[in-house]
Amino acid sequence: VMHAPSEQSLGLHLEVAAGETMTCHILRSEFKLLLRALGESAAEIDRLHSIQVPADIEKKVLACDAGKSALARYADLFRKKELFEHKLADHVTPLSDGELDQLVLFEDVLPVASLARQRCKVLKEIEALESEAGRRRAAAPRLFGRIFRGRPASKGQEGGTGLLSQEEHAKLISEVQDKCTAEEVEPPARYTV
C-alpha cells in the first residue's frame, strides 16, 4: 500500500497471478465514492433479499441447526428431481408443487456455497448411476437374445431399459456418498495490500 497525502492518492500493489503484478492508483475522492457505492450496493442487496424472502420464513429455515437440516432436505429434493429428469430409478416420482416451492425457498435462503456443494455431491451420484445404468443396458440381453436363448428379462431390465431396482439404487447411492467429499479450494498463496 502506498499513500501520498500531498497528492491525495492511494496506491495498491497486487499480485494477480504467479509472477504477474498490478499497480493501481486511486484518488481519495474516488476511494470515498467506491466505499459509498459498496455500501449502497450492500443495502440494495439486503433490501431485495428481504422482499424475496420474508425475515420470519428465513429464521424458520435457519433456526434449529443453522440450516443443516434444511440443507439435507434440499439435497434430497434436488436428488429426487435429478433422478426423475434422468429417468434413473423406477421408484422416483416427480416433485410435487409443495416440494418445488420448498426447493425454490431453500435456494433463496441458504448460502450459495452450501447449495453448490450439495449439488456437486448429488451430480456425482447421478453420474455414477448413469454410468451403471449404461453398463447394464449394454450388458442386458436384447429381445432376440432372450427369445432365442430362452432367458427371461430380469426385473428392472424389461425391454432393455436398464433401470435400477430400489435396493440397487440405495446400494449405489451409499457407495457414491462414501466416496463423495467436497474439495475446498484455497485462496491465493500470496497477496500484498
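Everything numeric here is computed off the predicted structure, so don't read it as measured data.

Caption draft 1: Seen up close, the overall build of the protein. Helix and strand counts for the protein come out as seven helices and three strands. For the protein, the succession of helices and strands along the chain, N to C, is β-β-β-α-α-α-α-α-α-α. Residues counted as buried form 25% of the 193 residues belonging to the protein. Within the protein, contacts between residues separated by at least 24 positions form 58% of all contacts whose residues are at least 6 apart in sequence. Of the roughly 13700 Å² that the protein leaves accessible, carbon and sulfur atoms contribute 58%.

Caption draft 2: Summary view of the nonpolar core. In terms of nonpolar packing, the biggest core is built from 24 residues, with Y74, F106 and L110 touching the most fellow members. Elements supplying a minimum of two residues to this core: α3 (68-86), α4 (97-109), α5 (112-139) and α7 (166-179). Here this core takes seven residues from α3, the largest share from any one element. Dropping the residues within four chain positions of it, F106 is found in contact with V61, A70, R73, Y74, L77 and L115.

Caption draft 3: Just a nonpolar patch on the surface, in detail. Side chains of F31, L34, L35 and L38 sit close together on the surface and give an oily, nonpolar patch of about 370 Å² of accessible area. With respect to the element layout, F31 can be found in helix α1 (residues 28-52).

Rules used throughout
- Residues numbered from 1 in each chain as written.
- Predicted model: local features only at pLDDT ≥ 70, side-chain atom pairs only at ≥ 80, totals over all residues.
- Heavy atoms only, no water.
- Helix = DSSP H or I, 4+ residues; strand = E, 2+ residues; numbered from the N terminus.
- Buried < 20%, exposed > 50% of the residue type's maximum accessible area, 1.4 Å probe, protein only.
- Contact = heavy atoms within 4.5 Å.
- Areas by Shrake-Rupley, 256 points an atom, 1.4 Å probe, with all protein chains shown as cover.
- Core = buried A, V, L, I, M, F, W, Y, C linked by side-chain atoms within 4.5 Å.
- Patch = residues over 30% accessible without salt bridge, like charges linked within 9 Å, V, L, I, M, F, W, Y side chains within 5 Å.
- Salt bridge = Lys/Arg side-chain N within 4 Å of Asp/Glu carboxyl O.

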